[in-house]
Amino acid sequence: MGSQVLWFLLLLTLTTICKSKSCHPNDLKGLQDFKAGIYLDTSSRLNKWKSQDCCKWEGISCNNENGRVVQINLPGLYTSGDAPFQSTMAGELSPSITLLKFLEVIDMSELVGLAGQIPPSIGLHLPNLRKLNFLGNNFSGSLPQSICKLSKLEEFYLQENSFSGFLPSCIRGLKNLRRLDIHSNKLSGAIPESITSLTNLESLCFQDNFLTGNIPENIGNLQALKELDLSNNSLTGIIPRSVAKLYSISSLFLNDNQLEGEIPLPSKPGQLSSLQFLRLQNNRLSGTIHPSIGYLTSLQRLSLANNQLKGTVPSSLGNLKSLTELYLSYNQLSGRLPRSIGEISQLLLLSISHNMIEGPLPHQISSLSNLQSLDLSFNHLKISTIPKWLMQLPSLSRIYLAGCGIHGEVQDYIKPLAKSLQELDLSANQLSGRFPAWIGSFTQLYTLNLSNNKFVSEIPSTFTNLENLGILDLHSNKLQGSVNSVFQMKSRFEGGSLTYLDLSDNNFSGAIDQIGRGGQENIRYLNLSHNFLKGRLPTSIGTLKSLQILDLSYNGLGSNLPISLANVSTLERLMLHKNHFTGRIPEEFLKLRNLKELNLSDNLLEGKIPNGKPFIDFPKSSYSGNRGLCGKPLPPCKS
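All values reported here derive from a predicted model rather than from experimental measurement.

Rules used throughout
- Residues numbered from 1 in each chain as written.
- Predicted model: local features only at pLDDT ≥ 70, side-chain atom pairs only at ≥ 80, totals over all residues.
- Heavy atoms only, no water.
- Helix = DSSP H or I, 4+ residues; strand = E, 2+ residues; numbered from the N terminus.
- Rg over C-alpha atoms; globule rule 2.2 N^0.38 Å.
- Buried < 20%, exposed > 50% of the residue type's maximum accessible area, 1.4 Å probe, protein only.
- Contact = heavy atoms within 4.5 Å.
- Areas by Shrake-Rupley, 256 points an atom, 1.4 Å probe, with all protein chains shown as cover.
- UniProt positions renumbered as here; feature names shortened; annotations may be inferred.
- Domains from an automatic or database assignment.
- Phe/Tyr/Trp six-rings, centres within 6.5 Å; stacked < 30°, edge-to-face > 60°.
- Lys NZ or Arg CZ within 6 Å of the ring centre and 35° of its normal.
- Pairing = 2+ DSSP bridges.
- Disulfide = S-S within 2.5 Å.
- Core = buried A, V, L, I, M, F, W, Y, C linked by side-chain atoms within 4.5 Å.
- Salt bridge = Lys/Arg side-chain N within 4 Å of Asp/Glu carboxyl O.

Right, let's talk about the overall build of the protein chain for a bit. Of regular secondary structure, the protein chain possesses four helices and 47 strands. In terms of overall dimensions, the protein chain is more spread out than a globule: its C-alpha atoms have a radius of gyration of 33 Å, far above the 26 Å expected for 639 residues. For the protein chain, the spread of C-alpha atoms along the principal axes amounts to about 115 × 75 × 50 Å. By the burial criterion, 53% of the 639 residues in the protein chain qualify as buried. Sequence-distant contacts in the protein chain: of pairs separated by 6 or more residues, those separated by 24 or more amount to 57%. Taken as a whole, the protein chain presents about 28000 Å² of accessible surface, with 49% of it coming from carbon and sulfur.

Written as structure tokens, this is what we have:
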């Protein structure tokens with residue numbers, strides 16, 4: 001009797017082992033067909049799928065009780081050993097994936113070469129699916145109607161693909177959905193009102209598509225919603241008042257649409273009390289900023305820039321003790337800034353440019369000890385001089401006071417900012433006198449814009465100390481002397497830090513022989529037009545391998561055009577008109593394939609225009625005023 005029991009147990013064990021070594025035929029076929037559709041797998045995970053026991057394959061998990069496959073985890077970014085590894089799979093998703101009817105999780109995210117469509121019948125065959133992650137693949141086509149049958153689905157990630165078509169109105173069927181992210185696709189049409197019945201939603205992200213129509217009126221029904229991002233679409237109409245009912249919302253991004261009407265703010269304390277990030281910029285919102293904005297006591301970042309808002313900045317902003325960034329630029333706000341703005345002690349960035357704000361500035365701003373960036377440009381401040389107390393803000397590293405009515409000389413009480421200031425814009429004012437030599441001590445400066453003023457001096461030699469300078473704009477002043485010191489600036493980086501240089505509309509004179517010789521070789525924009533520069537264009541211009549725009553027009557430059565300019569293959573705009581250049585246009589210039597705009601008119605050039613693109617495509621006006629030039633598009637050369 002004992003031996004019979006022993007044999008029975010042995011037989012049972014062998015049966016279990018045999019069962020464990022094979023997949024259900026449907027699961028096996030579904031996975032093998034998937035593998036067959038992939039022609040490249042840099043992770044080599046699929047190469048290991050060889051045995052019949054698919055439950056032991058890498059990336060596959062099975063149910064212990066019935067042995068059916070419940071998870072496919074093949075993300076592109078995964079950990080191999082102890083190090084993160086970014087892999088690629090290329091091929092198409094096999095429709096046979098729907099044979100694995102017990103699937104609960106599919107994660108094939110960030111496999112950038114994985115293409116094809118979501119199988120049309122996916123919702124009919126995978127009723128147990130809880131998570132579907134196709135983030136960052138190359139899928140296309142429309143979203144199949146059958147996805148609405150996935151009633152157990154909790155997480156649905158389709159972002160950064162090429163899906164098109166409409167959002168299905170039957171989406172209400174996804175009643176357990178908590179996270180829905182389809183951003184950065186090509187979806188169009190309206191957001192279906194039925195989406196407001198998905199009351200378990202915590203995150204809804206549709207940004208960067210082509211969606212039109214209104215935001216669903218009952219969006220406020222989504223009481224569990226913490227994140228709503230509909231930005232960068234073409235949505236119209238008003239922001240529904242029901243958004244004030246989103247009691248759990250933390251991030252609300254509706255920016256870069258065509259939304260109109262007033263901003264629906266809370267009518268009483270407690271509404272939107274969890275809101276930390278509110279972005280409504282780049283719409284057509286109108287009306288005023290209502291004082292009830294002060295109820296949003298959890299706000300950390302607020303952007304209402306580039307709308308049509310009017311009225312004053314409400315003093316209730318002082319209640320927003322957690323606010324770190326405030327963007328109100330490009331509106332029609334008027335009146336004075338409230339004193340309470342000095343109570344926003346955590347504020348790092350304040351941007352109120354391009355409004356009609358009046359002076360004087362409230363002295364309370366001086367208490368913003370954490371403020372790093374201040375932009376008050378192009379308002380009606382008429383502050384005449386830079387407030388001395390402003391220069392004493394300990395954290396200030398970016399100052400933009402363009403078009404604020406400042407006049408006179410640059411005051412030396414700016415000097416204490418020498419070690420911290422990174423960006424300074426005092427353009428479009430009435431500043432005059434000489435450039436102070438101490439400007440060279442601002443060694444952290446990356447942007448310096450003093451254009452559209454009345455400076456009359458030379459560029460001080462101390463400019464060579466500005467080793468971090470990337471953007472220098474001094475156009476439209478009365479500056480004189482040589483420009484060479486700018487090209488001899490020290491740099492902490494190979495090729496130099498300077499990328500943008502505009503010295504146009506001044507009285508500079510002399511040669512430009514230091515261009516490309518002093519180590520500043522990364523310049524992309526170079527404008528020296530409308531000066532009194534003379535001499536030749538040096539061959540060292542060819543070292544500016546990143547140059548996209550070169551404008552030397554309206555000067556007295558002469559001699560031959562340097563052949564080395566043909567090495568600047570990135571050049572898109574070349575403006576050399578109104579000079580005294582002589583000789584031929586070098587045939588080597590045909591290498592300038594990226595050239596989109598050319599003006600060589602009113603020089604002393606001669607000979608045949610290079611016969612080929614892009615030179616034959618430019619209009620006659622690009623070459624007019626050179627008596628010796630001929631060939632297409634001008635009249636043929638005489639033999």
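Attention shifts here to the UniProt feature "domain: Disease resistance R13L4/SHOC-2-like LRR" (unreviewed entry) in the protein chain. Following the UniProt record, the feature "domain: Disease resistance R13L4/SHOC-2-like LRR" (unreviewed entry) maps to residues 270-484 here. End C-alpha atoms of residues 270-484 are separated by 62 Å, and the span's content is 0% helix alongside 23% strand.

We now examine the domain arrangement of the protein chain. Here the protein chain is described as being made up of domain 1 (25-99), domain 2 (266-382), domain 3 (384-521) and domain 4 (535-638). Spacing between the C-alpha centres of domain 1 and domain 4 amounts to 58 Å.

This brings us to the packing of aromatic side chains. Working definition: an aromatic ring pair is given by the centre-to-centre distance plus the angle between the planes. Summed over all chains, the structure comprises ten aromatic pairs. On the numbers, 4.7 Å between centres and 50° between planes, the contact of phenylalanine 134 with phenylalanine 139 is tilted. In this pair, the class of phenylalanine 134 matches that of phenylalanine 139, namely buried. Their ring planes at 85° and their centres at 6.3 Å tell us that phenylalanine 615 and phenylalanine 618 sit as a pair that is edge-to-face. Overall, the relative accessible area of 0% leaves phenylalanine 615 in the buried class. Classification of phenylalanine 618 as buried rests on a relative accessible area of 8%. Members of the aromatic cluster, connected to one another through ring pairs, are Phe34, Trp49 and Trp57. Across the ring face of tyrosine 78, the terminal group of arginine 45 is positioned such that the distance to the ring centre comes to 4.0 Å. A cation sits over an aromatic face here: arginine 279 above phenylalanine 253, 3.8 Å from the ring centre.

Another point: the pairing of strand S8 (residues 113-116). Note: strand S6 (residues 89-92) against S8, three bridges, orientation parallel. Paired with alanine 90 across the bridge in S8 is glycine 113. Across two bridges, the pairing between S8 and strand S10 (residues 138-141) is parallel. Bridge pairing links glycine 116 to phenylalanine 139 in S10.

Overall, parallel pairing links the seven strands, which are arranged S36-S38-S40-S42-S44-S46-S47 in an open sheet. Every interior strand has two partners, whereas the edge strands, strand S36 (480-481) and strand S47 (628-630), have only one.

With that settled, the discussion passes to the state of the cysteines. All told, the structure shown has four disulfides when counted by the stated rule. Through a disulfide, cysteine 148 is tied to cysteine 170; the S-S separation comes to 2.0 Å. When the S-S torsion is 70°, as for the bridge of cysteine 148 with cysteine 170, the disulfide is right-handed. Pair noted here: cysteine 148 is in the loop between S10 and strand S11 (155-157) and cysteine 170 is in the loop between strand S12 (162-165) and strand S13 (179-181), with a separation of 22 residues, a long-range link. Look at cysteine 148 and you get buried, because its relative accessible area is 9%. Put simply, cysteine 630 and cysteine 637 are joined by a disulfide, and their sulfur atoms are 1.9 Å apart. What sets the handedness of the cysteine 630 and cysteine 637 disulfide is the S-S torsion sign, and at about 95° it is right-handed. Classification of cysteine 637 by relative accessible area gives partly exposed; the value is 30%. Ordinal numbering of bonded cysteines along the protein chain defines a disulfide pattern of 1-2, 3-4, 5-6, 7-8. Unpaired in terms of disulfides, cysteine 205 finds its nearest cysteine sulfur in cysteine 148, a separation of 19 Å.

With 178 residues, the main nonpolar core has Phe34, Met108, Leu180, Phe206, Leu526 and Tyr623 as its most contacted residues. Elements with a contribution of two residues or more to this core: helix H2 (25-36), strand S2 (60-62), strand S3 (69-73) and helix H4 (484-487). Discounting residues that sit within four places of it in the chain, phenylalanine 34 has contacts with Leu46, Trp49, Leu74, Met89, Leu93, Ser94, Ile97 and Met108.

For the coordinates displayed, the defined rule picks out 14 salt bridges. Residues arginine 178 and glutamate 154 are paired through a salt bridge, measuring 3.6 Å at the closest nitrogen-oxygen approach. Taken together, the positions of arginine 178 in the loop between S12 and S13 and glutamate 154 in the loop between S10 and S11 put the pair 24 residues apart, joining distant regions of the chain. Under the relative-accessibility criterion, glutamate 154 is labelled partly exposed at 26%.

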